[in-house]
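# Fold and contact review
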Amino acid sequence: MAMSAADRSGGAGGWSATPVEPQLAQDIAIASRICAMENVFDGFGHLSVRHPDRPDRFLMTKSMAPALAFADDVVELDLDSNPAADERRPLFLERFIHGEIYKRRPDVHSIVHSHAYSVIPFTLVERPMQAMFHTAAFVAEGLPVFDIADEFGETDMLVSDRAKGDALARCLGQKPACLMRGHGFVAVGANLKHAVARAIYTDVNARIELQANSLDGSIKPLSAEEGKLADAVNLAGVGRPWELWKSRVLRDMQTDAGKA
Ligand SMILES: [Zn+2]
């Protein structure tokens, strides 16, 4: 049976330098599994939450396949993306995405980074992604595309240090999401549920737009104003899909815990 986050917090050298509610670590694990279930993550991809009591810290799992996450896989990092406590477990190479966005966006309390296959085509063409339906209304704000080659030339495409993370954070600006050329995207939110919902609906929007493009006739996407109005409704109602997604992954979590 996996050790619970509560068992591991508070002790010298434990995972959390600043103890958090065990439910938050559990929600990070649940959200990781939700994103895997909903095509946002495969073996790769990660998400984080800003520490509720320490805005200069954030929480994410150790480097692992997100579909296998448990609460006791959560680690605490500072905004330079270094571990806040003694930590020997492997960390995500691209954790700098999170630290650097939190530095530039005090309004952001959760970040999802995805390599969703459906979104990749929109990172490669000059035509921007458009909002296809009300649930992906935030897309109507216009999502920037980060090209790592602009500042760093030819690289392995990974945001694997602070300078690259800062460049991505600057490209994101004040937007709810940012596409990444030949790589994926990031979605951000005021809380974990908002960031997860935006990540999921970025993928869904991409799939619908690809389908719409196969039909005859021009596309009439949501306008910026329609997007703004619909996004407010979506954010207020995010609890409903969250509870559905959560119920689906909890079954797997209980089965996996039984095997451990
Ligand atoms: Zn990546």
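Residues numbered from 1 in each chain as written. Predicted model: local features only at pLDDT ≥ 70, side-chain atom pairs only at ≥ 80, totals over all residues. Heavy atoms only, no water.

## Quick word on the side chain of D73
Our working rule: By definition, any uninterrupted DSSP run of H or I lasting at least four residues is a helix, any uninterrupted run of E lasting at least two residues is a strand, and each is numbered from the N terminus. Each residue's exposure class comes from its accessible area (1.4 Å probe, protein chains only) as a fraction of the maximum for that residue type: buried when under 20%, exposed when over 50%, partly exposed otherwise. N or O atoms within 3.5 Å of each other form a polar contact, as long as, within protein, one can give a hydrogen and the other can take it, and as long as residues adjacent in sequence are counted only when both atoms are side-chain atoms.
Tracing the backbone shows D73 in the loop between β2 (57-61) and β3 (74-78). Residue classification places D73 among the buried residues on the basis of a relative accessible area of 9%. Engagement of the side chain of D73 in a polar contact is seen with the backbone nitrogen of F70, the distance being 2.8 Å.

## A closer look at the coordination of the zinc ion
Applied cut-off: For Na, K and Ca the donor cut-off is 3.2 Å, while for other metals it is 2.8 Å, and in both cases only N, O and S atoms qualify; water is not among them, so sites may look incomplete. Angle rules define the geometry names used: all angles between 85 and 135 degrees makes four donors tetrahedral, while opposite donors over 155 degrees apart and all other angles between 65 and 115 make four donors square planar and six octahedral, leaving every other case irregular.
Binding of the zinc ion to the protein goes through E94 (OE), H113 (NE2), H115 (NE2) and H183 (NE2), at separations of 2.0 Å. Considering all four donor atoms around the zinc ion, the spread of angles at the metal, 99 to 134°, places the coordination shape in the tetrahedral class. Sequence spacing among the residues donating to the zinc ion works out to E-x18-H-x1-H-x67-H. You can see H113 sitting in strand β4 (residues 110-114) and its partner H183 sitting in the loop between β6 (177-180) and β7 (184-189), a full 70 residues away along the chain.

## Considering helix α8 (residues 224-236)
Our working rule: Expected helix span is taken as 1.5 Å per residue step, with the number of steps being one fewer than the number of residues. Throughout, a contact is declared for two residues whenever any of their heavy atoms are within 4.5 Å.
Taking 1.5 Å per residue, 13 residues should reach 18 Å; α8 reaches 19 Å between its end C-alpha atoms and fits that length. Taken together, the buried positions of α8 are occupied by G227, A230, D231 and N234. Elements that come into contact with the buried residues of α8 comprise α7 (192-213).

## Description of the sheet that holds β2
Note the following rule: In short, DSSP must find at least two bridges between two strands for them to pair. Each axis is a line fitted through C-alpha atoms, and for a helix only the stretch in contact is used; angles between axes span 0 to 180 degrees, taken between their N-to-C directions.
If you trace the seven strands from one edge of the open sheet to the other, you get β3-β2-β1-β4-β7-β6-β5, paired in mixed fashion. One side of each edge strand has no neighbouring strand; the edge strands of this open sheet are β3 and β5 (145-146). Pairing of β4 with β7, which is carried by five bridges, proceeds in the antiparallel orientation. Residue pairing across strands places H113 opposite V186, the latter belonging to β7. Of the strands in this sheet, β1 (46-50), β4 and β7 touch α7, which is tilted by about 145° from β7.

## Section: the pattern of salt bridges
Any two side chains of opposite charge can pair if their charged atoms end up close together. Basically, it comes down to this: Salt bridge, as used here, is a side-chain nitrogen of Lys or Arg placed within 4 Å of a carboxyl oxygen of Asp or Glu.
Counting across every chain of the model gives 19 salt bridges. R88 is paired through a salt bridge with D86; the nearest N and O atoms lie 3.0 Å apart. By relative accessible area, R88 is classed as exposed at 73%. Note on D86: relative accessible area 43%, which makes it partly exposed. Its salt-bridge partner being R170, residue D166 comes within 3.0 Å of it at the nearest N-O pair.

## What about the side chain of E87?
Along the chain, E87 falls in the loop between β3 and α3 (96-104). Given the relative accessible area of 17%, E87 is considered buried.

## Describing unusual backbone geometry
The residue N39 is not glycine, and still its phi comes out positive at about 75°. Along the chain, the position of N39 falls in the loop between α2 (22-37) and β1. Among the residues examined, N39 registers a relative accessible area of 46% and is labelled partly exposed. With phi around 70°, S81 is a residue other than glycine that occupies positive phi space.

## Thoughts on the pairing of β7
Most of β7 sits inside the fold, with six of its six residues counted as buried. Looking at chain direction, β6 and β7 are connected through four bridges and run antiparallel. Following the sheet pairing, C178 is matched in β7 by V186. Taking the residues between adjacent antiparallel strands as the criterion, β6 and β7 are bridged by three residues, where G182 takes a positive phi near 60°.

## Examining the packing of α3 against helix α6 (residues 162-172)
Spelled out, the test is: For classification purposes, an angle smaller than 35 degrees is called roughly parallel, one larger than 145 roughly antiparallel, one from 65 to 115 roughly perpendicular, and anything else oblique. Put simply, a crossing is left-handed when the front helix is turned counterclockwise from the back one by less than a right angle, and right-handed when it is turned clockwise. Ten residues, namely Ala, Val, Leu, Ile, Met, Phe, Trp, Tyr, Cys and Pro, are considered nonpolar, four, namely Asp, Glu, Lys and Arg, are considered charged, and the remaining ones, Gly among them, are considered polar.
Orientation of α3 relative to α6, taken along the N-to-C sense of each, is 50°, at an axis distance of 8 Å. On the basis of their axis angle, the class for α3 and α6 is oblique. Two packed elements cross with a definite hand, and for α3 against α6 that hand is right-handed. Of the residues in α6, those touching α3 at F96, I97, E100, I101, K103 and R104 are R162, G165, D166, L168, A169, R170 and L172. Its residues placed into classes, the contact of α3 with α6 shows six nonpolar, one polar and six charged.

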